[in-house]
Amino acid sequence: MQKKVLGYELLKDWGFGKSHPFIIAGPCGVESEEQIHAVAKSLNNSVVHLFRAGIWKPRTRPDSFQGIGTVGLQWLKDAGNENNLPVAVEVAGSKHVEEALKTGIDVLWIGARTTVNPFLVQEIADSLRNVDIPVFVKNPVSPDLELWIGALERLDRAGLHRIGALHRGFSTYDSSPYRNIPNWQIPIELKRRFPGLPLLSDPSHICGNRKLIPSVSQTALDLDFDGLMIEVHHDPDNALSDKEQQLNPELFMEILSGLVIRKPSAEDVIFLNLLEELRDRIDRIDEKILMMIADRMKVAREIGMYKKENNMTILQVERWNEILRTRLRSGLRKDLTREFVTKMYELIHEESILHQTNVMNTGNMYETKSSKDS
Ligand code: PEP
Ligand code: MN
């Protein structure tokens, strides 16, 4: 998968490039012939590259609107044709693929609830063998990068070479301002591993409401995402699904024109020198951080040795509580976020336990291997 420039050529044909992010827009779902024509007409402008609408909607509860079904495919295609917009729909199985191809739909996407299921993804991939159609793959609902990559690989192995990834955030039980938390680290890691893979973000499904869409869209562009998928409805308050997050065409245009498009590189020599200097500082600080953590582990191993000699358990919950409490207090005073300090200390503590366990088991003070190293 890595060697190909997935989907890139096609997206370039449609105006994909760093000066202008690739924009997919359209309603959550097709609701009626009139509705889909009204939205398409409002998006007939140079900003939108691809018109989206769901035909089969994967809803959490059975009483919600489940999508208009196959009858809507032709309405969507016609609405696109009349407004010079290629069209995209979500497919969740081979039956959907068959119907979409029959209608001449231009692009498919696999939804988050389907990406979690390798059987369904494989079924879709098999039904697309020898079909040259672009396919976007949304991240799975769970924060599982390998599952996302697995779905992309299944399509790649079926011979599809115009593939892109769509980041739509991840389900969480924790209270959060987002409907699906972005977990930016996951798409960033995907980008690091597959630099040629087009990566778009779907702020609508991340945010779940209109207010947060501008800032999430800007973050995606600042992280060098290639484009955005945004839900637009001509009358969001009366939409049959996802009404809180759909934008009316005016607000959509206003948000898009407010986005700052930055470049991944710069030419100003003074700025570049300054950047290099600052990055040098970061490199030196990182080296110090690693040396200090290594030192901390050395001390932890020494403690491990004493615990072994005194037959004492590795974990003392009170001590761990005290570390968390005091480090959190200190970190907050230093303008670090609660989440960061907590996560960092959980990782440090886990590593200390690994080192101490090794000392306990082997009596060896100097070598610690993780299960992945061995
Ligand atoms: C959608 O794009 O309308 C959709 C159902 O999204 P997701 O698969 O991200 O939930
Ligand atoms: Mn939706």
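Residues numbered from 1 in each chain as written. Chains lettered and ligands numbered in written order. Predicted model: local features only at pLDDT ≥ 70, side-chain atom pairs only at ≥ 80, totals over all residues. Heavy atoms only, no water.

Thoughts on the pairing of strand 8 (residues 227-231)
Here is step 1 of the chain: In terms of residue burial, strand 8 counts as a mostly covered element, since five of its five residues are buried.
Here is step 2 of the chain: Direction of pairing for strand 1 (residues 22-26) relative to strand 8: parallel, over a ladder of five bridges. Note on strand 8: the bridge partner recorded for Ile24 is Met229.
Here is step 3 of the chain: Of the pairings in the sheet, the one linking strand 7 (residues 199-201) to strand 8 comprises two bridges and is parallel in character. Paired with Leu200 across the bridge in strand 8 is Gly227. (Buried < 20%, exposed > 50% of the residue type's maximum accessible area, 1.4 Å probe, protein only. Helix = DSSP H or I, 4+ residues; strand = E, 2+ residues; numbered from the N terminus. Pairing = 2+ DSSP bridges.)

A word on the domain arrangement of the chain
Here is step 1 of the chain: Here the domain parsing of the chain yields domain 1 (3-258) and domain 2 (269-362).
Here is step 2 of the chain: Distance between the C-alpha centres of domain 1 and domain 2: 40 Å. (Domains from an automatic or database assignment.)

Overview of the site of ligand 1
Here is step 1 of the chain: Neighbouring ligand 1 are Cys28, Arg52, Lys57, Glu90, Trp109, Gly111, Ala112, Arg113, Lys138, Arg168, His205 and Glu231.
Here is step 2 of the chain: Side-chain polar atom of Lys57 to an oxygen atom of ligand 1: 2.7 Å apart, as the coordinates give it.
Here is step 3 of the chain: Note that an oxygen atom of ligand 1 is positioned 3.3 Å from one of the side-chain N or O atoms of His205.
Here is step 4 of the chain: Starting from 300 Å² of accessible surface for ligand 1 in isolation, the protein chains cover 98%.
Here is step 5 of the chain: Here the shell around ligand 1 is composed, by residue class, of three nonpolar, two polar and seven charged. (Near = heavy atom within 4 Å. Polar contact = N/O pair within 3.5 Å; in protein donor to acceptor, adjacent residues only side chain to side chain. Areas by Shrake-Rupley, 256 points an atom, 1.4 Å probe, with all protein chains shown as cover. Nonpolar A, V, L, I, M, F, W, Y, C, P; charged D, E, K, R; others polar.)

Looking at unusual backbone geometry
Here is step 1 of the chain: Of note, Asp224 is a non-glycine position whose phi angle comes to about 65°, a positive value.
Here is step 2 of the chain: On the accessibility criterion, Asp224 (23% relative accessible area) is partly exposed.
Here is step 3 of the chain: The phi dihedral of Asp242 falls on the positive side, at around 45°, and the residue is not glycine.
Here is step 4 of the chain: Locating Asp242 in the fold gives a position in the loop between strand 8 and helix 11 (249-258).

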